[in-house]
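Summary of the model geometry
Okay, here's what each chain looks like letter by letter:
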Amino acid sequence: MSLEYKIVYCAENQYEFPVKEARWQFLICPHQDENQELHSFSFTNSMNFPYEISTNAYGFKTLRILARTKFKSIEFKANFTLNKKILNPFNFELATDPFEELNRYHDLHFRVDHEPFLRKTPLTTLLDEHSNFFEYNKGENVFENLQLLNKWVFEKIFYTPGVTHVNTTLDYIVENRHGVCQDFAHLFSAIARQYGIPCRYVSGYLHQGNGYFGDSQMHAWTEAYLMDVGWVGFDPTNNILASDNHIKVAHGKDYADCAPIKGIILSKGENTTSHSVQVHGQQQQQ
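Here the structure is a predicted model, which means the values were calculated and not measured.

Moving on: the sheet that holds strand 9 (residues 199-206). Taken together, five strands build an open sheet; the order of strands is 12-11-10-9-13 and the sheet is antiparallel. What marks the edges here is a single partner per strand, and that holds for strand 12 (240-241) and strand 13 (246-252). On the sheet, helix 4 (residues 142-156) packs against strand 10 (219-226), strand 11 (230-235) and strand 12 and is oriented at approximately 20° with respect to strand 11. Its contacts with the sheet put helix 6 (residues 181-194) on strand 9, strand 10, strand 11 and strand 13, and the angle it makes with strand 9 is roughly 160°.

Taking 1.5 Å of rise per residue, the 14 residues of helix 6 would be expected to cover 20 Å, and the 20 Å separating its terminal C-alpha atoms lies within 8% of that figure. By the criterion of burial, helix 6 is predominantly enclosed, with 13 of the 14 residues buried.

Closest axis-to-axis distance for the helix 4/helix 6 pair is 10 Å, and the angle between their directions is 140°. In terms of axis orientation, helix 4 runs oblique to helix 6. Helix 4 and helix 6 meet at a crossing whose hand is right-handed. Of the residues in helix 6, those in contact with Leu146, Leu149, Asn150, Trp152, Val153 and Phe154 of helix 4 are Phe184, Leu187, Phe188, Ile191 and Ala192. When grouped by side-chain class, the residues that make up the contact of helix 4 with helix 6 number ten nonpolar, one polar and no charged.

In this section: the sheet that holds strand 14 (residues 261-266). Sheet architecture is open: four strands sit in the order 4-5-2-14, paired in antiparallel fashion. Edge positions in the open sheet fall to strand 4 (51-55) and strand 14, since each of these has one partner strand only. The average undirected angle you get between the axes of adjacent strands in this sheet is 15°. In this sheet, strand 5 (residues 61-67) lies alongside strand 2 (residues 21-26) in antiparallel orientation, the contact comprising five bridges. Considered in strand 5, the bridge of Phe26 is made with Leu63.

Turning to the packing of aromatic side chains, a few remarks are in order. Throughout the structure, instances matching the rule amount to 24 aromatic pairs. Seen in terms of ring centroids, Trp24 and Phe76 are 5.1 Å apart; in terms of plane orientation they differ by 75°. Their pairing is edge-to-face. Separated by 52 residues along the polypeptide, Trp24 in strand 2 and Phe76 in strand 6 (residues 71-85) bring together distant segments of the chain. Take Trp24: its relative accessible area is 4%, and that puts it in the buried class. Overall, the relative accessible area of 2% leaves Phe76 in the buried class. Arranged with centres 5.8 Å apart and planes meeting at 50°, the rings of Phe110 and Tyr225 form a pair that is tilted. Of the two residues, Phe110 is situated in helix 2 (residues 108-113) and Tyr225 in strand 10; the sequence distance between them amounts to 115 residues.

The rules behind each value
- The residue numbers shown here count from 1 along each chain, following its written sequence.
- The predicted nature of this model means local features are confined to residues of pLDDT at least 70 and side-chain atom pairs, given and counted, to a pLDDT of 80 or more, with totals for whole chains, interfaces and linings taken over all residues.
- Calculated side-chain values reflect all of the structure's heavy atoms, with hydrogen atoms and water omitted.
- Any two strands with at least two DSSP-identified bridges between them are counted as paired.
- Elements are defined by DSSP. Helices are runs of H or I of four residues or more, strands are runs of E of two residues or more, and each kind is numbered from the N terminus.
- Note on contacts: a residue pair is in contact if any heavy atoms of the two residues lie within 4.5 Å.
- A fitted line through C-alpha atoms represents every axis, and for helices the fit uses only the stretch in contact; the resulting angles, taken between N-to-C directions, go from 0 to 180 degrees.
- Here the expected span of a helix is defined as 1.5 Å times the quantity of residues minus one.
- Each residue is placed in one exposure class: buried if its accessible area under a 1.4 Å probe, protein chains only, is under 20% of its type's maximum, exposed if it is over 50%, and partly exposed if it falls in between.
- By the definition adopted for this analysis, an angle is roughly parallel if under 35 degrees, roughly antiparallel if over 145, roughly perpendicular if from 65 to 115, and oblique otherwise.
- With the far helix as reference, a near helix turned anticlockwise by less than a right angle produces a left-handed crossing, and one turned clockwise produces a right-handed crossing.
- When residue character is reported, Ala, Val, Leu, Ile, Met, Phe, Trp, Tyr, Cys and Pro are called nonpolar, Asp, Glu, Lys and Arg charged, and the others, Gly included, polar.
- Here a pair means two rings of Phe, Tyr or Trp (six-membered ring of Trp) with centres within 6.5 Å. Their orientation is stacked below 30 degrees between planes, edge-to-face above 60, and tilted elsewhere.

Shown next as structure tokens:
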């Protein structure tokens, strides 16, 4: 059994004064792996600038545009079709000895191998006064603790679009208790890493129509590393495990590694950007 997805990504940029030159990088293509197969995609813009496909440092597909014709507005549109396997996200064996399991996370070789996803970043750092809010239970295994953390972050922050931005600190979010999916993912990652559990920030799309928070734009969740299992997705914005409702685009240490669009613009004055995402899924028989 699988889900067939059709995704439409749109972005529009408006500038106060003409742009002389611009460079953009889009990280919006669904990733292809054993559970997710990309069938087709198209990428266009209203100025008909050509694009190039390249791969970022983590191995994910990026779309790059160089613009050398003056303009004051530009629209981008991408269409994707893919299949996603329907799998049980709980289908793995749990560790039976929590103390032995946690000791394995403290092994030096393991920590060196997973260092990038144990590292504190500006977006995944908490002051000491905030870092002890969630207490790890050493009598439970790592997966059970991560489920509790997923629920704790879900209850700690109220999903509220428009109150934070990409550089808002975690301490501000913890104190004010409002944020969006990237804030939930950063808080989960910061606490998991604090206990020695590697955690990746993930960007992607969310199946619309199921009532999940964060489905109207590109979504963010986390992947934590479980011994003898691998990377398992947790969505603290919705207090669920990532499954066939989640369409992965990329992962990194935090949002800075996974921003959907980055750009350098030669212009002056103000500018505005708007985004929209449409995700439609239909079950397929196999």
